[in-house]
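Structural features, examined
Below are the chains, spelled out letter by letter.
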Amino acid sequence: MELRQLEYFVAVAEERNFTRAAERVHISQSGVSAQIRRLERELGAELFDRSARAVTLTVAGKAALAHARTALAAAGAVGQAVGEVSDLIRGRLTVGMVVGCTVTPLFDALAAFHRDHPGVELSLVEDNSDRLVEGVRAGTVDLALVGVPAAAPADLETLTLVSERLVAAVPPGHPLAARPRVALAELAAHPIVCMPPGTGLRTVFDRACAARDLRPVIALQATAADAIADLAARDLAVAVLSESMAARHAGRLAARLIEDVETPALLALIWRGGPGPAVRALLAHGRRAFAGPARG
């Protein structure tokens, strides 16, 4: 049994697809399939049910998955321990980024980290905040930039980068533009365009509406703030954004604070406690990159 076989096994289990797993580990699909078959022969059991379109784990595969992850983590820890002693960081670092991210300091931090630690293979994954939080918990993501509502997950370490109130953004001629602030009840009378469920901003908005028994019509959804602003600028719906997101479109949208949504939306870096040297080094770069004016 080889570590690479375990790596391929975990990749297929998480991707539920041999083609995507092969792309992830950077070898051919036939190579992944051959190594998985070899591993199954060594274990004397099939690990995957290949009969459906989505590859699923068998009972034996489910039993093996946690141990395979533990073995890979242990192997990585050996390299990290040696790296700390020799002051050389090596290995692989998976960084998560919330979909539609336009926060350039994160990219600056990754570039600076790569220059200082070329021996670390960086992998960047994009997903909604809820799934990235679960990825950090499960250990499949080492560090993630996520949007979270009010307070970050208590079981994870957190560095809050941005804390902002929600605003309604409308074209200058819209009825809400004439008001200095808007209430949720006023906002709910109009169709809304906002981020999808699973994002921190949407969670803040949904919870505030539910607390007041309001059910606004979410007419449109987009993962990128610029797309939401573009739709609102065309008067298709009222945009719900954070203050800095709306500020980038001040020339064509009027942003009005939603007065009864006092809970801020947070943008934060999250990671598990007791991080390895690579995560600690990237966090140091992240703190420096975000030390300037906040960009959301």
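Refer to the structure presented above.
1. Some details on the sheet that holds strand β13 (residues 265-271)
What the five strands build is an open sheet, ordered β4-β3-β5-β13-β6; its pairing is mixed. The two strands at the open ends of the sheet, each matched to only one other strand, are β4 (120-127) and β6 (157-164). Here the average twist between neighbouring strands, direction ignored, is 25°. Pairing of strand β3 (residues 91-98) with β4 involves eight bridges; the strand directions are parallel. Note on β4: the bridge partner recorded for T94 is S123.

2. Structural notes on the sheet that holds strand β9 (residues 192-194)
A sheet is described by the order of its strands in space; here six strands give the open sequence β8-β12-β7-β11-β9-β10, paired in mixed fashion. Pairing within the sheet leaves two strands with one partner each, and these edge strands are β8 (181-182) and β10 (218-221). With three bridges joining them, β9 and β10 adopt parallel strand pairing. Residue pairing across strands places V193 opposite L220, the latter belonging to β10. Its contacts with the sheet put helix α8 (residues 200-211) on β7 (166-170), β9, β10 and β11 (238-242), and the angle it makes with β11 is roughly 115°.

3. Regarding the packing of aromatic side chains
For the coordinates displayed, the defined rule picks out two aromatic pairs. A centroid spacing of 6.0 Å and a plane angle of 70° characterise the contact between F18 and F48, whose relative ring orientation is edge-to-face. Of this pair, F18 sits in helix α2 (residues 18-25) while F48 sits in strand β1 (residues 48-49); the two residues are 30 residues apart in sequence, bridging distant segments of the chain. For F18, a relative accessible area of 10% translates into the label buried. Residue classification places F48 among the buried residues on the basis of a relative accessible area of 1%.

4. Comments concerning helix α1 (residues 3-15)
Its 13 residues place the ends of α1 18 Å apart at the C-alpha level, agreeing with the 18 Å of an ideal helix rising 1.5 Å per residue. Buried within α1 are the following residues: Q5, L6, Y8, F9, V10, A11, V12 and A13. Phi for R16, located one or two positions after α1, is positive at around 60°.

5. Thoughts on the pattern of salt bridges
Tallied over the full model, the rule gives 21 salt bridges. The closest approach of N and O atoms between R92 and E121, which form a salt bridge, is 3.6 Å. With R92 in strand β3 and E121 in strand β4, this pair connects stretches of sequence that are 29 residues apart. By relative accessible area, R92 is classed as partly exposed at 45%. Between E134 and R137 there is a salt bridge, and its shortest N-O distance comes to 2.5 Å. Linking E134 with R137, this pair stays in helix α6 (residues 129-138), spanning three residues, or about one helical turn. Among the ionic contacts, a cluster of salt bridges with common partners joins E14, E15, R20, R24 and R69.

6. Structural notes on the pairing of strand β12 (residues 254-258)
Pairing analysis gives four bridges linking β7 to β12, with the strands arranged antiparallel. When the bridges of β12 are listed, A169 appears paired with A255. In the sheet, β8 pairs with β12 via two bridges, with the strands oriented parallel. The partner of V182 across the bridge, within β12, is I258.

7. Some points on unusual backbone geometry
Phi at R16 is positive, roughly 60°, even though this residue is not glycine. On the secondary structure map, R16 appears in the loop between α1 and α2. On the accessibility criterion, R16 (43% relative accessible area) is partly exposed. Backbone geometry at H26 places phi at a positive 65°, although glycine is not the residue there. Inspection of the secondary structure puts H26 in the loop between α2 and α3 (29-43). Overall, H26 belongs to the exposed group, its relative accessible area being 62%.

8. Some thoughts on the side chain of T94
Tracing the sequence through the fold places T94 in strand β3. On the basis of relative accessibility, which here comes to 14%, the residue T94 falls in the buried class. If we ignore the near neighbours within four places in the chain, the residues touching T94 are S123, V125, T140, V141, D142 and L143.

Parameters at a glance
- Residues numbered from 1 in each chain as written.
- Predicted model: local features only at pLDDT ≥ 70, side-chain atom pairs only at ≥ 80, totals over all residues.
- Heavy atoms only, no water.
- Pairing = 2+ DSSP bridges.
- Helix = DSSP H or I, 4+ residues; strand = E, 2+ residues; numbered from the N terminus.
- Axes fitted to C-alpha atoms, helices over the stretch in contact; angles between N-to-C directions.
- Contact = heavy atoms within 4.5 Å.
- Phe/Tyr/Trp six-rings, centres within 6.5 Å; stacked < 30°, edge-to-face > 60°.
- Buried < 20%, exposed > 50% of the residue type's maximum accessible area, 1.4 Å probe, protein only.
- Expected span 1.5 Å × (residues − 1).
- Salt bridge = Lys/Arg side-chain N within 4 Å of Asp/Glu carboxyl O.

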